[in-house]
Amino acid sequence: MNKKQIRLLTQNTLIGALYVVLTLINPISYGMFQFRLSTLLMGVPFYKPQLSLGILIGVMISNIPSPLGPIDILSGFLIQSVSLYIFNRIFKNSYVKSAAYGIWCGFVVAAALYYSLQVPFWPSVFGVAVSNILFAFLGTFIVEKFLTGFLDKTVVE
């Protein structure tokens, strides 16, 4: 591995670890009404796609203690994979990416909750989607207004 690869791996590890910490310190990170502080980080890979792997791994690790266990790990992987590797390529605007992420998250989490716990599907879609859209929008705004210069200087291209 060269220096550039090691630096990118380190940056992905740091953002993944930050995602895990922000998820686990928050008591409302799982279920029908979730307010994941870690979703604020979704704006980062929308501007710096090379940090997508860190978020993906962070989500999977964060979902290990979930009440749904392996289903939540798989759901998180599906949500992030589509959001970071498909939506990030299809959509140009980061706020549109945030909205697509939140809506997709609402449907996948609601399906997992319905399948596992028979939680009502449509209220779950709404609850999860709205909270994820709000946090993703806020995170995108923070990255856009305050962090793009820092990310441009520090993140390996």
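Bear in mind that the values here come from a model prediction, so they are computed numbers and not experimental data.

A.B. asks: Now, about the overall build of the protein: what can you tell me, with residues and values included?
C.D. replies: Looking only at helices and strands, one finds six helices and zero strands in the protein. If you list the helices and strands of the protein from N to C, you get α-α-α-α-α-α. Along the longest, intermediate and shortest principal axes, the C-alpha atoms of the protein span 50 × 30 × 25 Å. In the protein, which comprises 157 residues, the proportion classed as buried is 47%. Considering only intrachain contacts with a sequence separation of at least 6, the fraction spanning at least 24 residues in the protein is 68%. Summed over all atoms, the accessible surface of the protein reaches about 8,100 Å², with 76% contributed by carbon and sulfur. One finds the centroid of the 10 positive side-chain charges in the protein at a distance of 6 Å from the centroid of its 4 negative side-chain charges.

A.B. asks: Tell me about the packing of helix α4 (residues 70-90) against helix α5 (residues 94-117), residues and numbers included.
C.D. replies: Running from N to C, α4 and α5 point in directions that differ by 160°, and their axes come no closer than 10 Å. Considering the angle they form, α4 stands roughly antiparallel to α5. Taken as a pair, α4 and α5 cross one another with a handedness that is right-handed. In this structure, α4 uses I71, S75, L78, I79, Q80, V82, S83, F87 and N88 to contact α5, whose residues at the interface are K97, A100, Y101, W104, C105, V108, V109, A112, Y115 and S116. Counted by class, the contact of α4 with α5 contains 13 nonpolar, five polar and one charged residues.

A.B. asks: Describe in detail the pattern of salt bridges, supporting the description with residues and values.
C.D. replies: With the rule as written, the count across this model stands at three salt bridges. For D152, the salt bridge is made with K48, and the minimal N-O distance between the two is 3.0 Å. On the criterion of sequence distance, the pair formed by D152 in helix α6 (residues 121-154) and K48 in the loop between α2 (43-47) and α3 (52-62) is long-range, its members being 104 residues apart. In this structure, E157 engages K48 in a salt bridge whose closest nitrogen and oxygen atoms are separated by 2.8 Å. Placement of E157 in the segment after α6 and of K48 in the loop between α2 and α3 is noted, with a sequence separation of 109 residues between them.

A.B. asks: Before we move on, can you summarise unusual backbone geometry with the specific residues and values?
C.D. replies: For Q118, which is not glycine, the phi dihedral falls at a positive 55°. Look at Q118 and you get exposed, because its relative accessible area is 58%.

A.B. asks: Lay out the packing of aromatic side chains in plain terms, naming residues and giving numbers.
C.D. replies: Applying the stated criterion to the full structure yields seven aromatic pairs. Ring geometry for F107 against W122: centres 5.7 Å apart, planes inclined by 90°, an arrangement best described as edge-to-face. With F107 in helix α5 and W122 in helix α6, this residue pair connects regions lying 15 residues apart in the sequence. Overall, the relative accessible area of 57% leaves W122 in the exposed class. Both rings, one in F121 and one in W122, keep their centres 5.0 Å apart while their planes meet at 85°; by these two values the pair is edge-to-face. These aromatic residues form a ring-pair network of at least three members: F107, F121 and W122.

Analysis parameters
Residues numbered from 1 in each chain as written. Predicted model: local features only at pLDDT ≥ 70, side-chain atom pairs only at ≥ 80, totals over all residues. Heavy atoms only, no water. Helix = DSSP H or I, 4+ residues; strand = E, 2+ residues; numbered from the N terminus. Buried < 20%, exposed > 50% of the residue type's maximum accessible area, 1.4 Å probe, protein only. Contact = heavy atoms within 4.5 Å. Areas by Shrake-Rupley, 256 points an atom, 1.4 Å probe, with all protein chains shown as cover. Lys, Arg positive; Asp, Glu negative; His and termini not counted. Charge placed at Lys NZ, Arg CZ, Asp CG, Glu CD. Axes fitted to C-alpha atoms, helices over the stretch in contact; angles between N-to-C directions. Parallel < 35°, antiparallel > 145°, perpendicular 65-115°, else oblique. Left-handed = near helix turned anticlockwise from the far one by under 90°. Nonpolar A, V, L, I, M, F, W, Y, C, P; charged D, E, K, R; others polar. Salt bridge = Lys/Arg side-chain N within 4 Å of Asp/Glu carboxyl O. Phe/Tyr/Trp six-rings, centres within 6.5 Å; stacked < 30°, edge-to-face > 60°.

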